[in-house]
Amino acid sequence: DKYILLRAFGIGFLYALAVFIDFPNLIIFFPIAFLFTIKAFKINKKKGAFELHIDWRYFVAPIIFVGLMGIYCWSNYINFGSPTVFSNFLPRVRDVTAIQSKIHETGRSPSSAANTRNMLEGLRSFIFSEDRGFIRYTPIVLLFIFGLGYLKRKMRDIEVILLTLPLVCLLLYSMFGDPYGGWAFGSRYMLAVMPELCILGAIGLQRFGFFAKILYSLVFIYSVSISLLAPLTTNVIPPKVEAVGLGLPYDYSINLRMLTNNELNSFFYNHVLQARISGVDYYSMILILVVLIGAFVIWYPKKYETYSK
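Notes on the structure in this doc start here. (Residues numbered from 1 in each chain as written. Predicted model: local features only at pLDDT ≥ 70, side-chain atom pairs only at ≥ 80, totals over all residues. Heavy atoms only, no water.)

### Remarks on the packing of helix α6 (residues 119–127) against helix α8 (residues 156–174)
So, point 1. At a minimum axis distance of 8 Å, the contact between α6 and α8 shows a crossing angle of 125°. Between α6 and α8, the interaxial angle falls into the category oblique. Along its contact with α6, which presents Met119, Gly122, Leu123 and Phe126, the element α8 presents Leu170, Leu171, Tyr173 and Ser174.
So, point 2. Here the residues of the contact of α6 with α8 sort into six nonpolar, two polar and no charged. (Axes fitted to C-alpha atoms, helices over the stretch in contact; angles between N-to-C directions. Helix = DSSP H or I, 4+ residues; strand = E, 2+ residues; numbered from the N terminus. Parallel < 35°, antiparallel > 145°, perpendicular 65-115°, else oblique. Contact = heavy atoms within 4.5 Å. Nonpolar A, V, L, I, M, F, W, Y, C, P; charged D, E, K, R; others polar.)

Rendered as structure tokens:
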């Protein structure tokens, strides 16, 4: 493969960039880097013996990654006094004298964010809860189950990656003390890995016929109708644990109220269309367009056996 070096550089660089953006990506995207790097080792059986072949080009990815992580750790050391302490774990400064002292801040270790005692509540919040759960906000991602085991053996590593990334992300953030993600719309911690689940769901669509497409269509329409509320109104919804004490609603009923009251967060609507149509009509127009595109994607493609067993 003449593009191995280019792919190795891209994986190493993008993996490091993801960590620079948010350090939990070090764990979430590790399966991609690992599965790519182990391709450097190939074992062939020849004349009753095993031969190990090593392709050095695959090692470019970890070399690039380690080099960039060295810069990352050096930056943390300069700013926070330790290469393993990140800004997220620094204590709050309550006195200006703490800033004037010019002493490195001391903070908690990143490992303190992972507590298995939090997993039960975290999983409930991500999957079932009425303020953040997949089932209530984006059930279309749960259709990934139909895509499992469908790809050919030579493409099985793609399936493993598409499943492993969301699973690692789910387990990691379920151990976090705040799985609700602050004031957000749905489960914001899973946004980066939802596309992988949708891809698996699309692969599974090849497996079944007419009735599966009806199921996909219904779930797609519901998921889109809910997700579209956030960009048109607000994505700042309090989690239930905070909203109950404040006497506030904690689901997309806030968005529905804003929609019916024409309180949209759309520049085009507020400055061009507000005097002509209602917010509900504007929302309906966009929803119909998105649903039509989705229906085309679901119903038009033919069934291909290229990717199946």
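### A closer look at unusual backbone geometry
So, point 1. With phi around 60°, asparagine 262 is a residue other than glycine that occupies positive phi space.
So, point 2. Within the secondary structure layout, asparagine 262 lies in the loop between α13 (253–260) and α14 (267–273).
So, point 3. For asparagine 262, a relative accessible area of 27% gives the class partly exposed. (Buried < 20%, exposed > 50% of the residue type's maximum accessible area, 1.4 Å probe, protein only.)

### Topic: the nonpolar core
So, point 1. Formed by 26 residues in total, the largest nonpolar core has its most connected members in Phe185, Leu229, Tyr252, Tyr282, Tyr283 and Leu287.
So, point 2. Secondary structure elements with two or more residues in this core: α10 (210–227), α11 (229–232), α13, α14 and α15 (279–299).
So, point 3. When sequence neighbours within four positions are dropped, the list of residues in contact with leucine 229 reads Phe185, Thr234, Tyr252, Asn255, Leu256, Leu259 and Tyr283.
So, point 4. Met69, Phe126, Val141 and Tyr173 belong to the second-largest nonpolar core, a separate cluster that totals 25 residues. (Core = buried A, V, L, I, M, F, W, Y, C linked by side-chain atoms within 4.5 Å.)

### Observations concerning helix α9 (residues 194–205)
So, point 1. Compared with the 16 Å implied by 1.5 Å per residue over twelve residues, the 17 Å span of α9 between its first and last C-alpha is a close match.
So, point 2. Looking only at α9, the buried set comprises Met194, Glu196, Leu197, Leu200, Gly201, Ile203, Gly204 and Leu205.
So, point 3. Contact partners of the buried residues in α9: α7 (134–137), α8, α10 and α15. (Expected span 1.5 Å × (residues − 1).)

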